[in-house]
Structure formats: C-alpha cells, structure tokens
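Structure at a glance
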Amino acid sequence: MRLLSRIRSLRRPLLEATAHCDLPCGVYDPAQARIEAESVKAIQEKYQANEDPEFRARAILIKEQRSDLVKHHLWVLWTDYFKPPHFEKYPELHDLFNRATKAAGASGAKGSMDPAKGQELLDLIAQIDKIFWETKAAA
C-alpha cells in the first residue's frame, strides 16, 4: 500500500498552469458562429425564392445542419472562452448566449424558413461579438 502511494506521488505533475481559455488566445472567435448564421439566413432567402420541392427539401436539411454548427460555436465560446470575470463585468452574457442558442435552435432559425429569424440570430451574435472583442482588448 505504501509503495503504491509513493508511485502515485511520483506521477503527479510538479507544475500547474492555468489560463482563461483551453489554448493560448487567438483560437476563439464569434466569426465562426456568424459565418454559419449567415449561411442559415442565405438558405432561408433562397428557399423563399425557389418553388422546387427537391431544392426546398435539401435547403431545409442544410439549414438545419448549419444551425447546429451555430449552436456548437456559440457553446464553445460560452463554456470555454468566457470565464467568471467576464460574466461579472457583462451580467447579460448568460442570457444573451441562452437567447442566441435558442435562436439557432428549433424555436428559431433551425425551425423556420423565415429570413427574419436568421437576421434575429445574426443580431444576437453581433452583440456577443461586441462583448467578445471588448474582453480580448482588455486581456
């Protein structure tokens, strides 16, 4: 038992490093979510302009995939980049991310072919983007 304890102590790291994100800064950017959201809105517009049922079915599928990517990119920012000090300085941030991910989901752009829903999503991402760049400038 004592030998096992000594072996475990030797395997422990001697140095612990912390950072406000998973990797050095520069790997996170709301632009990824914005680009996917722009695709969602463009697909919604193309859908409205085309009556072909096969085109429309394909447009719905692709739009739903893009909407899921928007949510993914927003979640990465929300959970990996933004930390407690950011949420303290910007108390609206949790609600903003919640509304943005819902706007990308089934009750928003993913579940609608209305380009206005796509624009609502883009507007929310723009608010997140503004806060993101303020935090980057302060770092």
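Quick look at the structure, then. (Residues numbered from 1 in each chain as written. Predicted model: local features only at pLDDT ≥ 70, side-chain atom pairs only at ≥ 80, totals over all residues. Heavy atoms only, no water.)

Observations concerning the pattern of salt bridges
The test is simple: Salt bridge, as used here, is a side-chain nitrogen of Lys or Arg placed within 4 Å of a carboxyl oxygen of Asp or Glu. Helix and strand definitions here come from DSSP, where helices need a minimum of 4 consecutive H or I residues and strands a minimum of 2 consecutive E residues; each element is numbered from the N-terminal end. Residue exposure (1.4 Å probe, protein chains only): buried if accessible area is under 20% of the type maximum, exposed if over 50%, otherwise partly exposed.
Evaluation of the coordinates by the stated rule reveals seven salt bridges. A salt bridge links Lys110 to Asp68; the shortest N-O distance between them is 2.9 Å. With Lys110 in the loop between helix 5 (93-104) and helix 6 (115-138) and Asp68 in helix 3 (residues 53-81), the pair connects residues that are 42 residues apart, well separated along the chain. Owing to a relative accessible area of 34%, Asp68 belongs among the partly exposed residues under this scheme. Ionic contacts of the salt-bridge type, sharing partners, join the residues Asp68, Lys71 and Lys110 into one network.

A look at the packing of helix 2 (residues 31-48) against helix 3
Using the following cut-off: Every angle, taken between N-to-C directions, lies between 0 and 180 degrees, and every axis is a line fitted to C-alpha atoms, over only the stretch in contact when it is a helix. Any angle from 65 to 115 degrees is called roughly perpendicular, while one under 35 is roughly parallel, one over 145 is roughly antiparallel, and all others are oblique. Crossings are sorted by hand: turned counterclockwise from the far helix by less than a right angle, the near helix makes the crossing left-handed, and turned clockwise it makes it right-handed. Residue contacts are defined here by distance: any two heavy atoms, one from each residue, within 4.5 Å place the two residues in contact. Amino acids are sorted into nonpolar (Ala, Val, Leu, Ile, Met, Phe, Trp, Tyr, Cys and Pro), charged (Asp, Glu, Lys and Arg) and polar (every other residue, Gly among them).
Running from N to C, helix 2 and helix 3 point in directions that differ by 160°, and their axes come no closer than 8 Å. Here helix 3 runs roughly antiparallel to helix 2, going by the angle between their axes. Along this stretch, helix 2 crosses helix 3, giving a crossing that reads as left-handed. On helix 3, the residues touching Gln32, Ala33, Glu36, Ala37, Ser39, Val40, Ile43, Gln44, Lys46, Tyr47 and Gln48 of helix 2 are Phe55, Arg56, Ala59, Ile60, Ile62, Lys63, Arg66, Ser67, Leu69, Val70, His73 and Leu74. A breakdown of the residues in the contact of helix 2 with helix 3 according to their chemical character gives twelve nonpolar, six polar and five charged.

Let's talk about the side chain of Glu36
Within the fold, Glu36 resides in helix 2. Beyond its immediate stretch of four places on either side in the chain, Glu36 contacts Arg66, Leu69, Val70 and His73.

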